[in-house]
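Now for the letters of each chain:
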Protein chains: 2
Amino acid sequence: MTQPKVRFVPLGGIVGVTKNMYLYELYDADKLKDILIVDCGIGFPSAAELGVDLLIPDISYLADKKDKIRAILLTHGHEDHIGALPYHYEALGLPPLYTGKLTAMFIEKKLEEFNIIPDLTVVKLRKEYEFGGFKATFINTAHSIPDTHHIIIKTPIGTLYHGQDFKMDLTPPYGAPPDFYSMTKVGEEGVLALMSDALGAFREGMTLSESVVGESFEEEMRKTKGKFIMTTFASNISRIRQCAEAAVKFNRKIIFLGRTMTKNTESAKEIGYLPLPEKLIGDEREIMKLPPNKVCIIATGSQGQDGSAIAKMAQNQHRSIKIQAGDKIFFSSDPIPGNEEEVYAIIEQLALRGADVVYSDVSEQIHASGHGNIDDLKLLLRFTQPKYAIPIGSTIRHHMQYQNLCTELGMKRENVFLLNEGQTITFEGAGKARQSETIETQSIYVDAYGVGDIGNMVLRDRKTLSSEGIAVGVLIIDGQSKQMDVRIVSRGFVFEKGEQGLFDEAANIVKRVASNRLAPVGANEASMEIPSLKKEVIRELERYFKDQTGRMPLVIVEIIVA
Amino acid sequence: MTQPKVRFVPLGGIVGVTKNMYLYELYDADKLKDILIVDCGIGFPSAAELGVDLLIPDISYLADKKDKIRAILLTHGHEDHIGALPYHYEALGLPPLYTGKLTAMFIEKKLEEFNIIPDLTVVKLRKEYEFGGFKATFINTAHSIPDTHHIIIKTPIGTLYHGQDFKMDLTPPYGAPPDFYSMTKVGEEGVLALMSDALGAFREGMTLSESVVGESFEEEMRKTKGKFIMTTFASNISRIRQCAEAAVKFNRKIIFLGRTMTKNTESAKEIGYLPLPEKLIGDEREIMKLPPNKVCIIATGSQGQDGSAIAKMAQNQHRSIKIQAGDKIFFSSDPIPGNEEEVYAIIEQLALRGADVVYSDVSEQIHASGHGNIDDLKLLLRFTQPKYAIPIGSTIRHHMQYQNLCTELGMKRENVFLLNEGQTITFEGAGKARQSETIETQSIYVDAYGVGDIGNMVLRDRKTLSSEGIAVGVLIIDGQSKQMDVRIVSRGFVFEKGEQGLFDEAANIVKRVASNRLAPVGANEASMEIPSLKKEVIRELERYFKDQTGRMPLVIVEIIVA
């Protein structure tokens, strides 16, 4: 190559913690030669994005570049790093996937549901793989899931270190500690840029080891007379294993709840990452028959997700679990920034039902974050000694703080890039780096009905629905007799049975408005007037409801001329 | 070599923190070939060892092995690592010394006073030096003094890592951070045994960086209206520099007090480790003339040493410094275990004089220990991955706790050796290690008058002196006239001027006892009787003083026949 350049393109993960997807592009004299993709994860919607199940990265930029994609490398098996594969893998042209053992297993199961058979290679650590002009080496690190790896990417203009989602856990409960030798060796040889986790940039010291969590499970279980219920991310296999192992010690039957929880623990069991005695694995139907102190439920819902097992328990709507005094509910994961409100609401409900709720604000020991604190982050910087650094996988305030940490270690402030989604950095010869053109990206929402068809209007409506409810008026006009029938139903607005008068009067308003409009004209003409009639009826109902209740529900009106 | 063996012999430093001196011996078929010595430090006496200025290692074991000593390697410039050189260097046959730059400078100055010119090599880091069958490489680490190094010692049966006095400081204020690459590289290649610092084995997390201390100096100085007085170890050049640099910012004149403080700061200035504007360096005589808020005194005495500048200030006996309200006294070093009582006594006296005393119990930030906490210690273990570990340079409770840390990392408990002074470990082929024969060592005390002549009796006397005082009776008998003259003086017993009657009566007792004894014999015979007369006089005086005062001063009697 005569004039090689490398461009780093974050398609996601750069501002909202989740939805991680990064491109490394190799150019020769401005001609794109090879693309290496790292991770392809989903995003978790914020509270304002109602009814959205998840977000996925916008890959439209890649639409005409499929032939340049050499591989997708996956750092670890968390949803925000692999979860978008079912939506994007075919569209990206089914490129080869390279990753660790557990991650590979998760991906296989995930794509199976979509009838996709991936081209999947389980990597050998420290082995160099070639991808066009890139050479990539996976090395071990520690996180809250086994088989989490960093990736050393050698390029014609220098070495890039993809150092995401890690902590320098000196005593990981399962698997080897981080590969300090490879980290320092690549630093010794020279690293042009470090792409680093930054989520712990505000937390002093080093992150607690995952091993500490195991001890607190035992301690808490010993003190619990009722059901022991633990919730965490379904992909947090280490945490799940530690809780399950404590349950085995106390002879509690372990019941996994939630679809991904069941699926992931199955995968982990298959490859020996969750060795548990079969007789202690129970199923949901057994819960009510067992004495409470013989039950350990491991469930999804730690982020307060609506419809999750934990949310249903909080609302007393779970078909087989009633929360009682003496039960302990253990939130073993911090809320992802943005989810705090939902999580705390559920915690409150559970506490009101008499459960003893333990969560990270109460007990520091229960959630050893998977993400490194300040000293972990500084250690990686010292080990790899990069010229440039780019914080990724966090929010902007974390990125800014990470920049401060870099300067404390003597790096130049301008050598630490703070990027937004789609903003790119181009590395050139002689160790130069500069911010380059921005790639257009959009929020792609997914809900139960499809991908990407949820617009801003829909989200605004959902917002109103969530806070004020809805009232639907249906007006049926007999084309012959001009007789009118009005039905009004509502949800989330007022309790209908106690407010019959309100709705009777609302029906009268609809009839009056319609009569005034319809009187001068015939039925046929009437149907022409329907759009404007609709608007008027809506306006009148909105005004009426507001006068009577102070609320502004979403009002929908349907007019049917029969 | 056909049957090589290596023996590790701690001549000191293994139980009492200080007095560090270690031998690495190489044997071939039980025949001693080479000895490598690491460090040659003094010990600080405990409170029970009154009047002892310092302790030095007992090198009598080496008396007939001088020809086998290949070199003395010095890890860093603290007194407990180099301070015994003036006493032992000649006795050891003037072997070559290898060490870092600042340490070399300290050693040169130190030996100069004793008119010894050392054979001194300033090492190049990461360079391998050969010493008989040993190959040693110095690598950088961080501590509370610049140029602190770890030593990788390669032997025919495996690699030993001398990892003493360190912390994993990620932001050392001066000099490079620890050489993580070399630490992990040697671990990758295989380390048979790690000899490690263990003093922080009870402290959670990582030790604060020295840089944090610099910030608190500035903060405290900003708030101080009176004199700013800082005390730390005279060898703690980093700390001294940080305080001095803060003084420069606030335009305070810097005055160094204490012999070693003056000497060390001179050395550091010479090699550029203490760059300060000459006009801001003052001298003791100026203190009283300067406004208090223009003074920054940096003094010895942080360990509560009797006679130190700080102790004198506390007792209001310093010739040029009076402590006043508004003055701030900053103890920037933890008491060495055993010295707590003295330090707290002085702190109390200073506080009573109106000074604001800041010390580590009050403000965590002021003393970032030079020694690594649990995570620092674990990091070194993870980096070097030794088969065996030997904690050194701490007390036995630290060593036991270090053993626990090792087992947390998966090491076998029996692979961590807890040694007493003189207890040895022999490493053999095939990675075997066992405890071997013990070397006899004794406590060698040094005071102002000499080395090693302070026996247990002397210490017991000093103990009495310190708590009960002394009374000396002198009886002069005129050989001719038999006339007797008695003088009694005392110190630390009772206040003589107020107790003239007591001493007059004591003089009468001496005369009476002597007369009774002397009456029947002539003067010449009398001189024969003097030893037993002495004993009787002492007994009578002891009894009398005890009856009258309840105290038992040390009583000394001298009888002179003129």
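Right, let's walk through the structure included here. (Residues numbered from 1 in each chain as written. Chains lettered and ligands numbered in written order. Predicted model: local features only at pLDDT ≥ 70, side-chain atom pairs only at ≥ 80, totals over all residues. Heavy atoms only, no water.)

## Description of the overall build of chain A
The condition is simple: Helix and strand assignments follow DSSP, with helices taken as H or I runs no shorter than four residues and strands as E runs no shorter than two, numbered in order from the N terminus. In what follows, a contact means two residues having at least one pair of non-hydrogen atoms within 4.5 Å. Method for areas: the Shrake-Rupley scheme with a 1.4 Å probe, in which residue coverage is limited to the protein chains shown.
On a plain count of helices and strands, chain A comes out with 14 helices and 25 strands. Contacts spanning at least 24 positions in sequence make up 71% of the contacts within chain A whose residues lie at least 6 apart. Per element, the accessible surface of chain A, about 23,300 Å² overall, is 49% carbon and sulfur.

## Focus on the interface of chain B and chain A
The figure often quoted for interface size is the accessible area lost as the parts come together. Quick note on the threshold: Accessible surface is computed with a 1.4 Å probe, and the buried area is the amount of it that two parts give up when combined, taken over both parts together. When a carboxyl oxygen of Asp or Glu is within 4 Å of a side-chain nitrogen of Lys or Arg, the pair counts as a salt bridge. Three classes are used: nonpolar for Ala, Val, Leu, Ile, Met, Phe, Trp, Tyr, Cys and Pro, charged for Asp, Glu, Lys and Arg, and polar for all others, with Gly counted as polar.
Every contact between the two is made by 17 residues of chain B and, on the other side, 17 residues of chain A. Summing both sides of the interface, chain B and chain A together bury roughly 1,700 Å²; the carbon and sulfur share of this comes to 72%. At the surface where chain B touches chain A, the tally comes to 2 salt bridges. The salt bridge partner of Glu188(B) is Arg126(A), with a shortest N-O separation of 2.4 Å. Of all elements in the fold, only α4 (180–189) and α10 (374–384) of chain B reach the threshold of two or more residues within the side of chain B that touches chain A. Grouping the constituent residues of the side of chain B that touches chain A by class yields 8 nonpolar, 2 polar and 7 charged.

## Let's talk about helix α13 (residues 500–518) of chain B
Residue and element names in this part refer to chain B. Rules: Here a helix's expected span is defined as the number of its residues, less one, multiplied by 1.5 Å. Exposure classes here rest on a 1.4 Å probe applied to the protein chains alone. A residue is buried below 20% of its type maximum, exposed above 50%, and partly exposed in between. The arc in question is the one spanned by the directions pointing from the helix axis to the C-beta atoms.
With 19 residues, α13 ought to run about 27 Å at 1.5 Å a step, and its terminal C-alpha atoms sit 27 Å apart, in line with that. Considered for burial, the residues of α13 that qualify are Leu502, Phe503, Ala506, Ala507, Ile509, Val510, Val513, Ala514 and Leu518. Projected down its long axis, α13 shows its buried positions confined to an angular sector of 155 degrees, all on one face.

## Overview of the relation of the copies chain B and chain A
Keep this limit in mind: Here the copies are superposed with least squares, the fitted atoms being C-alpha atoms of residues at a pLDDT of at least 70 in both.
When chain B is brought onto chain A, the operation consists of a screw motion whose angular component is 178 degrees and whose axial shift is 0.6 Å, with 0.7 Å RMSD remaining. Such a turn and shift between the copies fits a two-fold axis. Closest to the rotation axis within chain B is the C-alpha of Gly205(B), separated from it by 2.9 Å. Residue by residue, 100% of the interface of chain B is reproduced at the interface of chain A, so both copies engage with the same surface.

## So, the packing of aromatic side chains
As a reminder of what qualifies: Between rings of Phe, Tyr and Trp, where Trp is taken as its six-membered ring, a pair exists when centres lie within 6.5 Å; planes separated by under 30 degrees are stacked, by over 60 edge-to-face, and by other angles tilted.
Counted according to the given criterion, the structure contains 28 aromatic pairs over all chains. When the centroid spacing of 5.7 Å and the interplanar angle of 70 degrees are considered together, the rings of Phe383(A) and Phe383(B) count as edge-to-face. One end of the pair, Phe383(A), is in helix α10 (residues 374–384); the other, Phe383(B), is in helix α10, on a second chain. Classification of Phe383(B) by relative accessible area gives buried; the value is 1%. Taking the centre distance of 6.0 Å and the plane angle of 70 degrees together, the rings of Tyr87(B) and Phe114(B) count as edge-to-face. Of this pair, Tyr87(B) sits in helix α2 (residues 85–88) while Phe114(B) sits in the loop between α3 (101–112) and β7 (120–122), and the two are 27 residues apart along the sequence.

## Things to note about the sheet that holds strand β17 (residues 356–358) of chain B
Residues and elements named next belong to chain B. What counts here: When DSSP finds at least two bridges between two strands, those strands are taken to pair. Lines fitted to C-alpha atoms define the axes, with helix axes restricted to the stretch in contact, and inter-axis angles between N-to-C directions lie between 0 and 180 degrees.
Strand order in the open sheet made by the 5 strands is β14-β15-β13-β16-β17, with parallel pairing throughout. Edge positions in the open sheet fall to β14 (253–257) and β17, since each of these has one partner strand only. The mean angle between the axes of side-by-side strands here comes to 20 degrees, regardless of whether they run parallel or antiparallel. The pairing of strand β16 (residues 328–331) with β17 spans 3 bridges and is parallel. In the strand pairing of β17, Phe330 is matched with Val358. Strands in contact with helix α5 (residues 210–223) are β13 (228–231), β15 (295–299), β16 and β17; relative to β16, the strand with the most contacts, it is inclined by about 165 degrees. Packed on one face of the sheet, helix α6 (residues 237–249) meets β13, β14 and β15 and runs near 175 degrees to β15.

## Observations regarding helix α9 (residues 340–352) of chain A
All names here are of chain A. Compared with an ideal rise of 1.5 Å per residue, which puts 13 residues at 18 Å, α9 spans 18 Å between its outermost C-alpha atoms and is within 8% of the ideal. Every buried residue of α9 is listed here: Val343, Ile346, Ile347 and Leu350. Buried positions in α9, seen along its axis, are confined to an arc of 100 degrees and lie on one side of it. Facing away from the buried side of α9, by more than 90 degrees, are the exposed residues Glu341, Glu348 and Leu352. Elements in contact with the buried residues of α9: α8 (309–314), β16 (328–331) and β17 (356–358). Gly354 lies just past α9 and shows a positive phi near 100 degrees.

## Thoughts on the environment of Leu92(A)
Positionally, Leu92(A) belongs in the loop between α2 (85–88) and β6 (97–99). Residue contacts for Leu92(A): discarding those within four places in its chain leaves Met21(A), Ile37(A), Ile59(A), Leu62(A), Lys66(A), Ile69(A) and Ile72(A).

## Quick notes on the sheet that holds β16(A)
Residues and elements named next belong to chain A. The strand order across the open sheet formed by 5 strands is β14-β15-β13-β16-β17, and the pairing between neighbours is parallel. Of all the strands in the sheet, the pair left with one neighbour each is β14 (253–257) and β17. Going across the sheet, the axis of each strand differs from the next one's by a mean of 15 degrees, ignoring polarity. Two elements, strand β13 (residues 228–231) and β16, share 4 bridges in a ladder whose sense is parallel.

## Let's talk about the pairing of strand β9 (residues 134–140) of chain A
Residues and elements named next belong to chain A. Within β9, 6 of the 7 residues are buried, which leaves the element mostly enclosed by the surrounding structure. Sheet analysis places strand β8 (residues 128–131) next to β9, joined by 4 bridges and oriented antiparallel. Paired with Glu130 across the strands is Lys135, a residue of β9. As consecutive antiparallel partners, β8 and β9 are separated by 2 residues, and within that stretch Gly132 has a phi angle of approximately 60 degrees, a positive value. Of the strand pairs in this sheet, β9 and strand β10 (residues 149–155) are connected by 6 bridges, and their pairing is antiparallel.

## Some details on the packing of helix α4 (residues 180–189) of chain A against α4(B)
Just so we agree on the cut-off: The scheme is simple: roughly parallel for angles under 35 degrees, roughly antiparallel for over 145, roughly perpendicular for 65 to 115, oblique for anything else. By convention, the crossing between two helices is left-handed when the near helix turns anticlockwise from the far helix through less than a right angle, and right-handed when the turn is clockwise.
Their axes nearest at 9 Å, the elements α4(A) and α4(B) cross at an angle of 130 degrees. By the angle class used here, α4(A) and α4(B) are oblique. Between α4(A) and α4(B) lies a crossing whose hand is left-handed. Judged by residue contacts, Phe180(A), Tyr181(A), Thr184(A), Lys185(A) and Glu188(A) of α4(A) engage Phe180(B), Tyr181(B), Thr184(B), Lys185(B) and Glu188(B) from α4(B).

## Some words on the pattern of salt bridges
All names here are of chain A. Going through the model one piece at a time under the given rule, you end up with 62 salt bridges over all chains. Taking the shortest distance from any N to any O, the salt bridge between Asp64 and Lys65 comes out at 3.0 Å. Look at Asp64 and you get exposed, because its relative accessible area is 61%. Residue classification places Lys65 among the buried positions, given a relative accessible area of 15%. Across the pair Lys227 and Asp327 runs a salt bridge, and its minimum N-O distance is 2.9 Å. A residue pair is termed long-range when its members are at least 10 positions apart, and Lys227 in the loop between α5 (210–223) and β13 and Asp327 in the loop between α8 and β16 qualify at 100 residues.

## Points about unusual backbone geometry
Among all residues except glycine, the phi angle is most often negative; among peptide bonds, the trans geometry is most common. Residue and element names in this part refer to chain B. One non-glycine residue, Leu94, lies in positive phi territory at about 50 degrees. Within the secondary structure, Leu94 is located in the loop between α2 and β6 (97–99). For Gln385, which is not a glycine, the phi torsion comes out positive at approximately 45 degrees. Checked against the element boundaries, Gln385 lands in the loop between α10 and β18 (386–392).

## Overview of the side chain of Thr265(B)
Residue and element names in this part refer to chain B. To keep things clear, this is the line we draw: Whenever a nitrogen or oxygen atom comes within 3.5 Å of another N or O atom, the pair is scored as a polar contact, on the condition that within protein one atom can donate a hydrogen and the other can accept it, and that pairs from neighbouring residues in sequence are kept only if both atoms are in side chains.
Checked against the element boundaries, Thr265 lands in helix α7 (residues 259–270). Given a relative accessible area of 1%, Thr265 falls into the buried group. A distance of 2.7 Å separates a polar atom in the side chain of Thr265 from the backbone oxygen of Met261.

## Examining the state of the cysteines
Covalently bonding the sulfur atom of one cysteine to the sulfur atom of another cysteine gives a disulfide. All names here are of chain A. Definition in use: Two cysteine sulfurs form a disulfide in these notes if their separation is within 2.5 Å.
Enumeration over the complete set of coordinates arrives at 0 disulfides over all chains. Of the cysteine sulfurs around Cys296, a residue in no disulfide, the closest is that of Cys243, at 3.8 Å. In this structure Cys296 comes out as buried when scored by relative accessible area, which is 0%.

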